[in-house]
Amino acid sequence: MFSIFKSKKDKNDKNDQNDQNEQTTEPVSFASKIRQGLARTRQNLGKQLSGLFRGRKIDEALYEELETALLTADTGITATHRLLESLRKRVKRDALSDSEQLKTALQDALVELLQPLVRPLETTEKQPFVIMITGVNGVGKTTTIGKLAHYFQAQGQSVLLAAGDTYRAAAQEQLKIWGERNNITVIAQENEDGKKSDPAAVIFDAITAARARHIDIVLADTAGRLTTQLHLMEEIKKIKRVITKAIPGAPHEVLLVLDANTGQNAVSQLKAFDEALGVTGLVLTKLDGTAKGGVIAAIAAQYADHPPALRFVGVGEGLDDLRPFDAKEFAEALFD
């Protein structure tokens, strides 16, 4: 049996209202938020680079130290080599001789590497636009869904949530809370006799409801799973097939949520989920709590030909702290 949870606005609920006001008043620019969010990565990288960009000659010893610094920030071997190769070409082309000039050149090279990841998510061509959200356990999927719902509502679009994580009762409860906070309907399935609900059936029903109500966007949650859990990876393939059955061509976006704290492991997660589902977009969460922000460069280098779009990055805990990715502002914040 399916349940439809409609949010109820309570004018007397001052606590929720105050919480939301604290999070949404006085909006801060993306540049400022990303600079704050990358503080740990910048501090880590800064310790390595502090002596490199001050009055030294550009020589092999400098390149070697720079390589170490980039690897420490979890930029990855492939991305590091690409950045250094680009630097060498720029130094030769522009006749750079001072290491201070190298900082700007490195920043430009990083922007060039990351720019292919910058592709804003267009959701207006289909209705409903179905976004299937996946990822391993603990990356912050449910919180990300709540923030995405808030983001799309701010764009003037209607949203419906599908509680497809039927493994954890807590996940459904969390989603209902986010639905309540954002005044959004949540489609879930009641468990009978303690049996696990069918996640594909929940999402199918949610899409049907969205079509009937002319909802703009469906955010379909799925259970977190390790990439080594083959039976669960097969199950998520089934969920995608059921979504396609509900609407040919859907899901219109397969959004993989990655935790920046995992560093290079995020690249292997992307590979596994991409092989199973054909990932089209990424959300990188918890950038504000890690020194491994360079993993974005690692992803860009690993998928140099056809990289998935980095749709959003999480730079804080507030509702407005999930922002579309901007390569230039990211690079500037990393070295500022």
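Everything in this summary refers to the structure shown in the same document. (Residues numbered from 1 in each chain as written. Predicted model: local features only at pLDDT ≥ 70, side-chain atom pairs only at ≥ 80, totals over all residues. Heavy atoms only, no water.)

**Here we look at the overall build of the protein chain**
Operational definition: For the purposes of this entry, the term helix denotes a DSSP run of H or I that reaches at least four residues, the term strand denotes a run of E that reaches at least two, and both are numbered from the N terminus. Burial here depends on accessible area, computed with a 1.4 Å probe over protein chains only, as a share of the maximum for the residue type. Under 20% is buried, over 50% is exposed, and the range in between is partly exposed. Each accessible area is a Shrake-Rupley estimate made with a 1.4 Å probe; only the visible protein chains count as cover when residues are assessed.
When you go through the protein chain residue by residue, the secondary structure sums to 13 helices and nine strands. Counting across all 336 residues of the protein chain, residues that qualify as buried make up 52%. Accessible area for the protein chain stands at about 15800 Å²; split by element, carbon and sulfur atoms hold 47% of it.

**Brief notes about the pairing of strand β4 (residues 185–189)**
How we decide: The pairing criterion is simple: DSSP has to find at least two bridges between the two strands. Convention used here: a crossover is right-handed provided that the path from the first strand, over the helix, to the second strand proceeds clockwise when the strands point away from the viewer.
With five of its five residues buried, β4 lies for the most part within the structure. The side-chain alternation of β4 yields two buried faces, one formed by Thr185, Ile187 and Gln189 and the other by Val186 and Ala188. Direction of pairing for strand β3 (residues 159–162) relative to β4: parallel, over a ladder of three bridges. The residue of β4 that forms the bridge with Leu161 is Val186. Traced from β3 through helix α8 (residues 169–182) to β4, the parallel crossover comes out right-handed.

**Structural notes on the environment of Val111**
What counts is decided by this rule: Contacts were defined at the residue level, with two residues in contact if any of their heavy atoms lie within 4.5 Å.
On the secondary structure map, Val111 appears in helix α6 (residues 99–114). What makes Val111 buried here is its relative accessible area of 18%. Among residues more than four places away in sequence, those in contact with Val111 are Ala327, Lys328 and Ala331.

**What to know about the packing of aromatic side chains**
How we decide: Here a Phe, Tyr or Trp ring, Trp counted by its six-membered ring, pairs with any other such ring whose centre lies within 6.5 Å, and the pair is stacked when the planes are under 30 degrees apart, edge-to-face when over 60, and tilted otherwise. Placement of a charge over a ring requires the Lys NZ or Arg CZ to be within 6 Å of the ring centre, with the centre-to-atom vector within 35 degrees of the ring normal.
All told, the structure shown has three aromatic pairs when counted by the stated rule. With a centroid separation of 5.0 Å and an interplanar angle of 80°, the aromatic rings of Tyr151 and Phe312 are classed as edge-to-face. A residue pair is termed long-range when its members are at least 10 positions apart, and Tyr151 in helix α7 (residues 141–154) and Phe312 in strand β8 (residues 309–314) qualify at 161 residues. Three or more aromatic residues joined by ring pairs make a cluster, and in this case those are Tyr151, Phe152 and Phe312. Directly above the ring of Tyr63 sits Arg88, whose terminal nitrogen or CZ lies 4.2 Å from the centroid. When the ring centre of Trp178 is taken as origin, the NZ or CZ atom of Arg181, which lies over that ring, is 4.6 Å away.

**Some words on helix α9 (residues 199–213)**
What counts is decided by this rule: Here the expected length of a helix is defined as 1.5 Å per residue gap, with one fewer gap than residues. Counting of polar contacts relies on pairs of N or O atoms within 3.5 Å, with two restrictions inside protein: one atom must be capable of donating a hydrogen and the other of accepting it, and residues adjacent in sequence are counted only when both atoms are side-chain atoms.
Here α9 spans 21 Å end to end across 15 residues, near enough to the 21 Å set by a 1.5 Å rise per residue. Among all positions of α9, only Pro199, Ala200, Val202, Ile203, Ala206, Ile207, Ala209 and Ala210 are buried. Regarding α9, its N-cap is Asp198, as a side-chain oxygen of that residue lies 3.1 Å from the backbone nitrogen of Ala200 further along. The first or second residue beyond α9 is His214, which carries a positive phi of 60°.

**Quick word on the environment of Glu317**
On the secondary structure map, Glu317 appears in the loop between β8 and β9 (322–324). Judged by its relative accessible area of 73%, Glu317 is exposed.

**Some remarks on the pairing of β8**
Burial of β8 is extensive: six of the six residues sit out of reach of the surface. Note: strand β7 (residues 281–285) against β8, four bridges, orientation parallel. Following the sheet pairing, Gly281 is matched in β8 by Ala309. Once the chain exits β7 it traverses helix α12 (residues 295–302) before rejoining the sheet at β8, and the crossover so formed is right-handed. Summarising the sheet, β8 and β9 pair through three bridges and their orientation is antiparallel. Considered in β9, the bridge of Gly314 is made with Leu322.

**A word on α6**
Compared with an ideal rise of 1.5 Å per residue, which puts 16 residues at 22 Å, α6 spans 23 Å between its outermost C-alpha atoms and is within 8% of the ideal. Turning to α6, its buried residues number three or more, namely Ser99, Leu102, Ala105, Leu106, Gln107, Ala109, Leu110, Val111, Leu113 and Leu114. Summarising the contacts, the buried residues of α6 are in contact with α4 (60–72), α5 (77–93), α12 and α13 (327–335).

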